[in-house]
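The primary structure of each chain is shown beneath.
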Amino acid sequence: MFDYGIDTYKSLTKVVKLKFNSELKDSGIELQGIYSMKNLVTEKEFYLLEVNGKQIRFANQKSFVVLFSDFLKSNIKELKNRYNYLLNRTTDEFSDDIGIEMEYKQADYYSMKQTELLKKMIEFNNKM
């Protein structure tokens, strides 16, 4: 599959003190960057995580788990919609049946991996 942003993952685990490498690997989630920010007026610090072209802003472990869970729920819904669209799509003589099959199998696999990750995030949240 592809690199999910191992360097960003390592930095993220230092911040949130959670390990979820095995669920993240080959899940279709790409961690693209993490930033530490500070409000110069209030002195409050927070982090910004770029993941799959979206941004998640969080201040601590609990807010990360909640917001990342919301991201996963939304992403899983999109993947399931994509899977159903591709599975029920009408084909013609110009359709790449093998390419379509690979794409819907990938969407299904990513959905499964992200569901596993969501379950782990829910477990983390319940333990806090």
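Coordinates for the structure precede this section.
Source: prediction; values computed, not measured.

Procedures and definitions
Residues numbered from 1 in each chain as written. Predicted model: local features only at pLDDT ≥ 70, side-chain atom pairs only at ≥ 80, totals over all residues. Heavy atoms only, no water. Helix = DSSP H or I, 4+ residues; strand = E, 2+ residues; numbered from the N terminus. Contact = heavy atoms within 4.5 Å. Areas by Shrake-Rupley, 256 points an atom, 1.4 Å probe, with all protein chains shown as cover. Lys, Arg positive; Asp, Glu negative; His and termini not counted. Charge placed at Lys NZ, Arg CZ, Asp CG, Glu CD. 1 Å grid on protein atoms, 1.4 Å probe; cavity = no way out; pocket = protein on both sides within 12 Å on 5 of 7 lines; lining within 4 Å. Points joined across faces, edges and corners; volume = space filled by probe spheres on them. Phe/Tyr/Trp six-rings, centres within 6.5 Å; stacked < 30°, edge-to-face > 60°. Buried < 20%, exposed > 50% of the residue type's maximum accessible area, 1.4 Å probe, protein only. Lys NZ or Arg CZ within 6 Å of the ring centre and 35° of its normal. Salt bridge = Lys/Arg side-chain N within 4 Å of Asp/Glu carboxyl O.

### Examining the overall build of the protein chain
Part 1 of the argument: Of regular secondary structure, the protein chain possesses four helices and three strands.
Part 2 of the argument: The secondary structure elements of the protein chain, listed N-terminal to C-terminal, are α-α-β-β-β-α-α.
Part 3 of the argument: Taking the contacts inside the protein chain whose residues are at least 6 apart along the sequence as the reference set, 52% of them involve residues at least 24 apart.
Part 4 of the argument: Surface summary for the protein chain: the accessible area is close to 8,200 Å², and the carbon and sulfur share equals 50%.
Part 5 of the argument: Across the protein chain, the centroid of the 20 positively charged side chains sits 11 Å from that of the 19 negatively charged ones.

### Details of the environment of Glu23
Part 1 of the argument: Secondary-structure assignment places Glu23 in helix α2 (residues 21–24).
Part 2 of the argument: It is 9.1 Å that separates the C-alpha atoms of Glu23 and Thr115, two residues lying 92 residues apart in sequence.
Part 3 of the argument: For Glu23, the contacting residues outside a window of four places in its chain are Lys113, Glu116, Leu117 and Lys120.

### Comments concerning the layout of surface pockets
Part 1 of the argument: For the largest pocket, the calculated volume is near 150 Å³.
Part 2 of the argument: Taken together, Asn52, Lys54, Asn75, Glu78, Leu79, Arg82, Glu103, Gln106, Ala107 and Tyr110 make up the lining of the largest pocket.
Part 3 of the argument: Those elements giving two or more residues to the lining of the largest pocket turn out to be α3 (61–88) and α4 (97–127).

### Digging into the packing of aromatic side chains
Part 1 of the argument: Per the counting criterion, the structure on display carries eight aromatic pairs.
Part 2 of the argument: On the numbers, 5.8 Å between centres and 25° between planes, the contact of Phe68 with Phe71 is stacked. One end of the pair, Phe68, and the other, Phe71, are both in helix α3, three residues apart, so they sit about a helical turn from each other. Taken as a pair, Phe68 and Phe71 share a single burial class, namely buried.
Part 3 of the argument: Ring-pair connections join several aromatic residues into one group, and the members of that group are Tyr9, Phe20, Tyr47, Phe58, Phe64, Phe68 and Phe71.
Part 4 of the argument: The lysine or arginine in question, Arg57, covers the ring of Phe46, its NZ or CZ lying 3.9 Å from the ring centre.

### Some details on the pattern of salt bridges
Part 1 of the argument: Scanning the model with the defined rule gives five salt bridges in all.
Part 2 of the argument: Taking the shortest distance from any N to any O, the salt bridge between Glu23 and Lys120 comes out at 3.5 Å. Residue Glu23 is found in helix α2, and its partner Lys120 is found in helix α4; the two are separated by 97 residues along the sequence.
Part 3 of the argument: A salt bridge links Arg82 to Glu103; its shortest N-O distance comes to 2.1 Å. On the criterion of sequence distance, the pair formed by Arg82 in helix α3 and Glu103 in helix α4 is long-range, its members being 21 residues apart.

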